[in-house]
Amino acid sequence: MKSTPFTDLHIALGAKMHEFAGYNMPIEYSGILDEHMVVRSKVGVFDVSHMGEFWVKGKNALPFLQKLTTNDVASLPIGKAQYTCFPNGKGGIVDDLLVYHYHPEKYLLVVNAANIDKDWNWCVINNSEGAELENSSDRMAQLAVQGPKAVEVLQQLTEVDLSAIPYYGFQVGTFANVPEVILSNTGYTGAGGFELYFYPEDGMKIWNAIFEKGKPAGIQPIGLGARDTLRLEMGFALYGNDIDDTTSPIEAGLGWITKFAPDKSFIDRDLLERQKKEGVSRRLIGFQFLEKGIPRHGYEITDEFGGSIGKVTSGTISPILKVGIGMGYVATSFATVGSEIYISIRGKLIPAKVVKPPFCKGVTA
Amino acid sequence: MNIPENLYYTPEHEWLRVEGETAFVGITDFAQSELGEIVFVDITAVGETLKAGATFGSIEAVKTVSDLFMPASGNVIEMNAKLNDHPELVNDDPYGEGWIIKTTLTDSSEIAKLLTAEKYKALVG
């Protein structure tokens, strides 16, 4: 199993550890519900050093990325990031990722840990443009500092004016006396805050500085368990659950990152454009339980008579709403907001209504 | 890990406490710790007579769900109503306030087949 710069620290802090994407990662510390509420109301720190980072450079970087990703990289200014995905040539998704426009002719891709090798191979075999590719996954570590108090904690450690960095904007600067830290106004929680990228050897210095300054704000370390409940309350897709090689971006509700710009030709463009125009037979929806219960990945979604109309891809109890929430693919005729659907739990049909995520507000006062 | 001496245990991490004709059933400290925060307990078998090993309900934690099994054959006469509003009692006091069902045992000879505290301790390390 691989380690991050923080693995020994998680163990010393008493986290429940588990293998995730080949890394020994913290699942929970004080408990998923408690950690969830800390991020919604205060500030929490996630070790996400397992994520993958690729650099794409040179004059061919832009045409390469335009071909491989669905979003419009030509419209991405320097200092901004965009959410996008790699279509797989068969109407499915290789991975979802962030593209950072770092310098002219220099981009950073941040991909899911479980897909690092698959994505890297995909980039290499499709690089007929001759972009310069560099897999820096093992040379970059990452912490996500999330929550309504994240900025006031982080601001004490840098001269960079964090309040001037817009959502999905980033700057490179000195942080906790460590040079060249990427300070990115992004996250996977809906609670606000920043994601920081740095060299692994600087990890402990950065962690210690954040926890020292964050103490008065009630800062806590957060595990992957709460990361999942937090992203699910926002309706953010998780690769491997809600999207994968068999789901199209249009079915997944990712039409907003699929840009059919006139001068952008990309993998699966014709197919996806046709899906957008003609419609798809199933769609990823959000749903909320009307009775007690917790939906889980793999449960059957049915009509009122128990006939299968799809499957749950992600589910949990919402710590904020205290009801079962989830996502799943259903036949398009059931995908309208307000539709009544049922989830089969051990033979019992639990009624639910289709809702449009986010399920709740990302920040609670 | 808290494993009281006066209880009987199953390899599925239930405990059984015999009080005359009736017995209380819950899950062990080890089980609640593995499950994490419990958010509700779903008991489907009140009023039913079940064989040892049969499912009498399920317990839902944030991250996972687990079936609950009868440690010994019996009639499920009551569930702990407090758990409806306070499922966290199973985490906070698994052998006390967090008991799950009350049963009348139909075959007390089955108790001898359950694990003693010592054997259960060996099982969970």
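Here is what the cut-offs are and how they apply
Residues numbered from 1 in each chain as written. Chains lettered and ligands numbered in written order. Predicted model: local features only at pLDDT ≥ 70, side-chain atom pairs only at ≥ 80, totals over all residues. Heavy atoms only, no water. Helix = DSSP H or I, 4+ residues; strand = E, 2+ residues; numbered from the N terminus. Rg over C-alpha atoms; globule rule 2.2 N^0.38 Å. Buried < 20%, exposed > 50% of the residue type's maximum accessible area, 1.4 Å probe, protein only. Contact = heavy atoms within 4.5 Å. Buried area = accessible area lost by both parts, 1.4 Å probe. Salt bridge = Lys/Arg side-chain N within 4 Å of Asp/Glu carboxyl O. Polar contact = N/O pair within 3.5 Å; in protein donor to acceptor, adjacent residues only side chain to side chain. Core = buried A, V, L, I, M, F, W, Y, C linked by side-chain atoms within 4.5 Å. Pairing = 2+ DSSP bridges. Axes fitted to C-alpha atoms, helices over the stretch in contact; angles between N-to-C directions. Phe/Tyr/Trp six-rings, centres within 6.5 Å; stacked < 30°, edge-to-face > 60°. Parallel < 35°, antiparallel > 145°, perpendicular 65-115°, else oblique. Left-handed = near helix turned anticlockwise from the far one by under 90°. Nonpolar A, V, L, I, M, F, W, Y, C, P; charged D, E, K, R; others polar. pLDDT = per-residue confidence, 0-100.

## Focus on the overall build of chain B
Moving on, step 1. Of regular secondary structure, chain B possesses four helices and nine strands.
Moving on, step 2. Listed by position from the N terminus, the elements making up chain B come as β-β-β-α-β-β-β-β-β-α-α-β-α.
Moving on, step 3. For 125 residues, the compact-globule formula gives about 14 Å, and the C-alpha radius of gyration of chain B, at 13 Å, lands near that figure.
Moving on, step 4. Seen through its C-alpha atoms, chain B measures out along the principal axes to roughly 35 × 35 × 20 Å.
Moving on, step 5. Expressed as a percentage of the 125 residues in chain B, the buried residues total 53%.

## Here we look at the interface of chain B and chain A
Moving on, step 1. Taken together, the contacts link 16 residues of chain B with 15 residues of chain A.
Moving on, step 2. For the pair chain B and chain A, the summed buried surface comes to about 1300 Å²; carbon and sulfur atoms form 51% of the total.
Moving on, step 3. When residues of chain B are sorted by the area they lose upon contact with chain A, Glu37, Phe40 and Val62 of chain B head the list and together hold 43% of the total.
Moving on, step 4. The interface formed by chain B and chain A includes three salt bridges.
Moving on, step 5. Between Glu60 of chain B and Arg296 of chain A there is a salt bridge; the shortest N-O distance is 2.4 Å.
Moving on, step 6. Where chain B packs against chain A, one counts eleven residue pairs in polar contact (both at pLDDT 80 or more).

## Overview of the environment of Asp67 of chain B
Residues and elements named next belong to chain B.
Moving on, step 1. With respect to the element layout, Asp67 can be found in strand E7 (residues 65–69).
Moving on, step 2. Asp67 gets classed as partly exposed once you look at its relative accessible area, which sits at 32%.
Moving on, step 3. Along the chain, Asp67 and Val41 lie 26 residues apart, while their C-alpha atoms are 9.9 Å from each other.

## Considering the nonpolar core
Considering soluble globular proteins, one finds that nonpolar side chains tend to be buried as a cluster.
Moving on, step 1. In this structure, Tyr100 and Ile243 of chain A are the most contacted members of the largest nonpolar core, which totals 44 residues.
Moving on, step 2. For this core, the secondary-structure elements that each account for two or more residues are helix H2 (32–41), strand E5 (81–87), strand E6 (93–103), strand E7 (106–111), helix H7 (224–234) and strand E17 (324–331) of chain A together with strand E4 (38–43) of chain B.
Moving on, step 3. Ranked by residues supplied to this core, first place goes to E6 of chain A with four residues.
Moving on, step 4. Dropping the residues within four chain positions of it, Tyr100 of chain A is found in contact with Leu76, Lys80, Ala81, Lys106, Tyr107, Leu108, Val110, Phe170, Ser184, Thr186, Glu195 and Tyr197 of chain A.
Moving on, step 5. Formed by 31 residues, the second largest nonpolar core is a distinct cluster that contains Leu143, Val153, Phe194 and Ala217 of chain A.

## Quick word on helix H3 (residues 61–68) of chain A
Residue and element names in this part refer to chain A.
Moving on, step 1. Burial runs high along H3: six of the eight residues are buried.
Moving on, step 2. Of all the residues in H3, the buried ones are Ala61, Phe64, Leu65, Gln66, Lys67 and Leu68.
Moving on, step 3. Looking at the buried side of H3, the elements it contacts are strand E4 (52–57), E5, E6, E7, helix H4 (116–125) and strand E8 (132–135).

## Notes on the sheet that holds strand E18 (residues 340–345) of chain A
Residues and elements named next belong to chain A.
Moving on, step 1. The six strands lie next to each other as E14-E17-E16-E15-E18-E19, forming a closed barrel whose pairing is antiparallel. Going across the sheet, the axis of each strand differs from the next one's by a mean of 45°, ignoring polarity.
Moving on, step 2. Bridge analysis of E18 against strand E19 (residues 348–355) gives six bridges, and the strand direction is antiparallel. By the bridge assignment, Ser344 is partnered in E19 with Leu349.
Moving on, step 3. Contacting strand E16 (308–317) and E17, H7 crosses the sheet at an angle of about 125° to E16.

## Here we look at the packing of aromatic side chains
Residue and element names in this part refer to chain A.
Moving on, step 1. For the structure shown, the criterion picks out 16 aromatic pairs over all chains.
Moving on, step 2. Where Trp55 meets Tyr102, the ring centres are 4.8 Å apart and the plane angle is 85°; that geometry is what we call edge-to-face. Of this pair, Trp55 sits in strand E4 while Tyr102 sits in strand E6, and the two are 47 residues apart along the sequence. Considered together, Trp55 and Tyr102 belong to a single accessibility category, that of buried residues.

## Some thoughts on the packing of H2 of chain A against H7 of chain A
When two helices pack together, their arrangement is given by the angle between their axes and by how far apart the axes lie.
All names here are of chain A.
Moving on, step 1. Running from N to C, H2 and H7 point in directions that differ by 55°, and their axes come no closer than 8 Å. Between H2 and H7, the angle falls in the class oblique. Every pair of crossing elements has a handedness; the one defined by H2 and H7 is right-handed. For the pair H2 and H7, contact is made by Ile32, Glu35, His36, Val39 and Arg40 and by Gly225, Ala226, Thr229, Leu230, Glu233 and Met234, respectively.
Moving on, step 2. Taken together, the residues that form the contact of H2 with H7 break down as five nonpolar, three polar and three charged.

## Focus: the confidence of the model for chain B
Moving on, step 1. Averaged over every residue, the pLDDT of chain B is 95; the share at 70 or more is 100%.
Moving on, step 2. In the predicted complex, the global pTM is 0.95; the interface-specific ipTM is 0.86.

## Observations concerning the side chain of Thr4 of chain A
All names here are of chain A.
Moving on, step 1. Position of Thr4 relative to the elements: it lies in the segment before helix H1 (7–12).
Moving on, step 2. At 2.6 Å, the side chain of Thr4 forms a polar contact with the side chain of Asp47.
Moving on, step 3. When sequence neighbours within four positions are dropped, the list of residues in contact with Thr4 reads His10, Tyr23, Met25, Asp47, Ser49 and His50.

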